[in-house]
Amino acid sequence: MVSYIFRRILQSVLVLLVVGLVAFAMFRFVGDPVDTMLGQERTVQDIERLRESLGLNDPFFVQYWNFLGRALQGDLGISYRQGRPVAEIIAERLPATLELAAVSGTFALLMGIGLGVFTAIRRHGFSANAIMALSLIGVSLPTFLIGILLIYLFAVELRWLPSFGRGETVMVGGWSTGFLTQSGLIALILPSITLGLYQMTLIMRLVRSEMLEVMRQDYIRFARARGLSQRAIHFRHALKNTLVPVITVTGLQLGSIIAFAIITETVFQWPGVGLLFINAIQFVDIPVMAAYLMLISVMFVGINLIVDLLYVAIDPRLRS
Amino acid sequence: MTDTPAPKTVARSRLAMTWDSDVAHAFRHSPVAMISFAVTAILILSAVFAPLIAPHDPFNPATLNLMNGFTPPGEANMFTGESFVLGTDDQGRDVFSTILYGLRISLFVGFAAVGFAMVLGITLGLIAGYVGGLVETIIMRVADVQLTFPAILVAMLIFGIAKGITPPEYRNDVAIWVLIIAIGLSDWVQFARVVRGATMVEKSKEYVQAARLIGRSPAAIMLRHILPNVLSPVLVIATISLALAIIAEATLSFLGVGAPPTEPSLGTLIRIGQSFLFSGEWWILFFPACTLLVLALSVNLLGDWLRDALNPRLR
Amino acid sequence: MNRLLTATALAAMLAAPAYSETFRWASTTDPQTMDPHAVSSTPVLGFLNNVYEGLVRRGRDMTIEASLATAWEPLPEGAGWRFTLREGVTFHDGAAFTAEDVRFSYERASSEASDVRSWFAPVSDVVVVDDFTVDILTTAPQPIFPDSIANWMIMDSGWAAANDATGVARDVENFATLNANGTAAFRLVSRQPDLETVLEPFDGWWGEVEHNITQAIFTPIQNDATAVAALLSGEIDMINPVPVQDAARIEAGDGVSVLRGIETRVIMLGFAHDHETLQNGAPNPFSDVRVRRAVAQAVNVDAILQTIMRGSAEPASQLVPPSSRGFSTGLDTRPPLDPDAARALLAEAGYPDGFDFTLSCTNDRYINDEAVCQAVVGMLAQVGMTATLEAGPVSNYWPELRAGNFDMYLLGWSPGTFDAEHPLRFLVHTAGDALGTWNFGGYSNPRIDALIPLIQSEIDDSARQAMLDETAATIQEDMVYVPLYVEPLLWGVRDGVSLTQRPDNFFILRWVTVD
């Protein structure tokens, strides 16, 4: 068990290193930061001098090596666009993304499991089928369009909810939170729905099909024959057994929630790391792009690792 | 996930039987399946025969008249007097024709991307599951790396590289293939995981052991014996992936990494159309979005039904 | 009795006009930095003009007027300019403004890391004559020097030294990145990059206050549709820009209106003049002036303006808009739209069946750039020039152009000095290290190269204009570029807000009043 964990962690580190290498190999194809950093009256010497001082004339693996060296000391470099330490910028922006991801993840999980159980129990009912069909509409349109349509309906036409931003935030020990103000909570609604809709549908369908499968199995039939109540059967036995695949998928989806936050944050001007990344691409802000990619990789690899370990913990058969 | 073990011959005929009777029977008794199949078929056919159906060729810039721009559906343009069933977009392109041609590109990207992901995923999944050991570890870690890079990012980066290495005149042709590779690359992991799982289960069974004993090559065993057993889940994933791939293409368009505007896909049309949401030219967004919705919805419903129909335990 | 009083007081409070006028505005781009010398771009310079001031400034109609300098005059024999400084001006932190600050700001703005150092290329030294007089010495006569330093912002030398901000913060962070200490009507209260920047009026400002704002909050909103939604829903008082297609709808709506103007940016088509071959390997037709003229006569600019630009932009005939200084009034017509003549010109040039080429274009830089390029492709196709449209983000656009990977391309140019000489220096002069740095196509004309320094140092206005007219005529004759139109300025404004729109797209807060 210990050696398994050790091996997995080692593999994860390797994965991170490869991600970084690939990222640095690709940066020069995104564009030239020098053009976005200098004004229109720059001279050829200005361009050369800046390239040299940013180390852009070095081969990409040298740039990567330097990045790694500094990153290990906690220095992620200076953003080309803002001229400020990247670590500082990311620390400022991360709470927005994490809060959005947490709320939309919770929304997806709660609604997904609830609706999944409902549609499984009422498999042939009208409302269950209607929910199944409606949920598909949510995943049949691209995220950005759903976001824009929600803004149009709830912000412009009805004027119930704000169209952009996080509302008022409160600093709690270096963490800016929108959870403590009314406007902060209201501002979370539309982006969370936009971001969580796809995951909700996914979890709902997974729970439904796993429930249907489990409910056919012998021990559930026994339970039913023993006269256990429907509620006990559904929730204590059937639902419990569907949780392993749900954990896996949710874990994996958490990463993609953060990735898809890029789109949602752009549409709602949500000041998180996704929007930061989009700005970085437009500006060819290499230090920010590199830091973001590494951050996402660390998160994803970490989540993967945790899910794998949870798996082992939950299912004893896999322990061998 | 654990499939019930079955001797080889039974496995094959079960598959055949399923196709012959069970699925067909279920299909005949499911109005949802029949409708979504019909809608999908109609959309695919109209995409294939777009040049015959479409009243205009929106991909030929020489035939466009900019003054036709923003003609509302069914109304006559105030400068040229021409009228169009679903109106025109900002370039004076007939929206109906553009949708048909855009559908063609979206479906092509979708099918090709899923095909690519399927071939790649099945191959790597089979190898990982059958060979095991270091090879498996490497493949599955690569899968992790792949998952780590969000699909959007993969596409943007591949797009950048492809642009860097192709001369400008070919870039538009390359764009479509880049989309296919990018979307395909973000999707193969699912196939690989399912196939690997099933392969590991099958590998230990008697018939595979027997085949190995009589000296069949690993490739033959994988293709002839193991692959047929994993086809049903693969088919289900493929159908759902098709819808996903079409949506992914649209999402990438929003980030400026989609089909070129002169030869737009449905996603590019939606990206262009969304900028006219507030200006009142609703038809430029509405019709392509509806088409995409109907297409993705029917493919999804079909995939859903297929999953239930191919899973004997659910019936 | 007491109760009544309270009630009355309460009623009075409720009825009182809202004195606290918080003004919120949004734009697509956040100013990257608060350092006035680090980035020479409209979002940064425009924003910081509310916080910092220069020796001179531009008025509502772009004319140069007094700011931190009250008077200026050329030194004898074209040796430079003498500026008389305003007395009694203080910076936001209370420090007094003196000639020493001017000299410090010159050193800072002309240092190597500065992005505005090109403004000081002709300057040899800045001499402090007394506390309120400085001489700016130039190597050659500089008749329009005051025009060229309207955005040169003066920083307090003491503040910079105390906060370790004497150097320009570009690839390093320093105090000036997030903090500002100017002399202008507004002071920086809080700065959260990409999120929110708050300004408040500076009580000690020397000028006469015309605004009635008590607080101004800037938020960047990148997505056009979101910005329009924020304006329509009343969350934002002013957005810049309004997408051209949404202008009519916003004007028709309740409570909001659109302020229309014409910017200084001219959108044009550029050509590969000196390439041997096209990107596809075929011989390069664009080195032939007849082909370039055919392009000019095939593109229906009026149709583009009417549909894609919704009547908001104006056709362009030269590299600068008609409103700029030194515009050649006698040369203000575009070549007439004539597809038949275009076909004839192509045939004459040896391309009776047309040819294939690539049109490079941005899709996130100028207003509806991609749609305009698409339309150009269609119009050129109708005379036989079949273009493949290569539209991409601007991040990779200039590197491609610098590398010569283009046949024909879209370019927008905004003259920083608001003068006709500006584009000559960068777009027309033979490509070199400091001049012709944006002349990607490699056009080269010795006569124009010789005229440019003469124009720069000519003091006599009519002689200067004659030389500008000559170059403008040559550029039109040679079809060096095909100017298409001048970009519109469209700001969405909530009713009850009055403000002034300046052609350089600077948003000046001290001209804002809120009802």
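Residues numbered from 1 in each chain as written. Chains lettered and ligands numbered in written order. Predicted model: local features only at pLDDT ≥ 70, side-chain atom pairs only at ≥ 80, totals over all residues.

- For chain C, the name recorded in an unreviewed UniProt entry is Peptide/nickel transport system substrate-binding protein, with Roseicyclus mahoneyensis as its organism.
- Quoted verbatim from the Sequence similarities (unreviewed entry) heading of the UniProt record, the comment on chain C is "Belongs to the bacterial solute-binding protein 5 family."
- The record in UniProt for chain C states the following under Subcellular location (unreviewed entry): "Periplasm". (UniProt positions renumbered as here; feature names shortened; annotations may be inferred.)

- As annotated in an unreviewed UniProt entry, chain A carries the name Peptide/nickel transport system permease protein and comes from Roseicyclus mahoneyensis.

What to know about the nonpolar core
- Within the largest apolar cluster, 339 residues are counted, with the highest numbers of intra-cluster contacts made by M289(A), Y292(A), A155(B), L179(B) and F191(B).
- At 20 residues, helix α4 (residues 95-131) of chain B tops the list of elements feeding residues into this core.
- Per-domain counts for this core show at least three residues from each of domain 1 (7-239 + 495-514) and domain 2 (263-488) of chain C.
- Apart from the residues within four sequence positions on either side, F191(B) is in contact with A117(B), M118(B), G121(B), I122(B), G125(B), V234(B) and I237(B). (Core = buried A, V, L, I, M, F, W, Y, C linked by C-beta atoms within 7 Å. Buried ≥ 20, exposed ≤ 12 C-beta atoms within 10 Å, placed from the backbone. Helix = DSSP H or I, 4+ residues; strand = E, 2+ residues; numbered from the N terminus. Domains from an automatic or database assignment. Contact = placed C-beta atoms within 7 Å.)

Points about the interface of chain B and chain C
- The partner chain C presents 33 residues to the 25 residues of chain B that form the contact.
- Counted by class, the side of chain B that touches chain C contains 13 nonpolar, 9 polar and 3 charged residues. (Nonpolar A, V, L, I, M, F, W, Y, C, P; charged D, E, K, R; others polar.)

Structural notes on the UniProt feature "transmembrane region" (unreviewed entry) in chain A
All names here are of chain A.
- The feature "transmembrane region" (unreviewed entry), as given by UniProt, occupies residues 12-30, 100-121, 133-155, 175-198, 243-270 and 290-314 in the numbering adopted here.
- Helix makes up 100% of residues 12-30 and strand 0%, with an end-to-end C-alpha separation of 27 Å.
- Each end of residues 175-198 is marked by a C-alpha atom, and these two atoms are 28 Å apart; helix forms 71% of the span and strand 12%.

Structural notes on helix α5 (residues 86-121) of chain A
- Over its 36 residues, α5(A) runs 50 Å from end to end, which matches the ideal 52 Å to within 8%, given 1.5 Å per residue.
- The axis of α5(A) is deflected most strongly, by about 35 degrees, at R93(A), and proline P95(A) appears within four residues downstream. (Expected span 1.5 Å × (residues − 1). Bend = angle between axes of the 7 residues up to and from the residue.)

Let's talk about the sheet that holds strand β7 (residues 133-138) of chain C
Residues and elements named next belong to chain C.
- Reading across the sheet, the 4 strands line up as β4-β5-β7-β6 and stay open at both edges, with antiparallel pairing between neighbours. What marks the edges here is a single partner per strand, and that holds for β4 (69-74) and β6 (123-130). With strand direction ignored, the average angle separating the axes of adjacent strands in the sheet is 20 degrees.
- Across 6 bridges, the pairing between β6 and β7 is antiparallel. Bridging from a neighbouring strand, V123 pairs with T138 of β7.
- Docked against the sheet, helix α3 (residues 99-109) engages β5 (80-85), β6 and β7, running at close to 165 degrees with respect to β6. (Pairing = 2+ DSSP bridges. Axes fitted to C-alpha atoms, helices over the stretch in contact; angles between N-to-C directions.)

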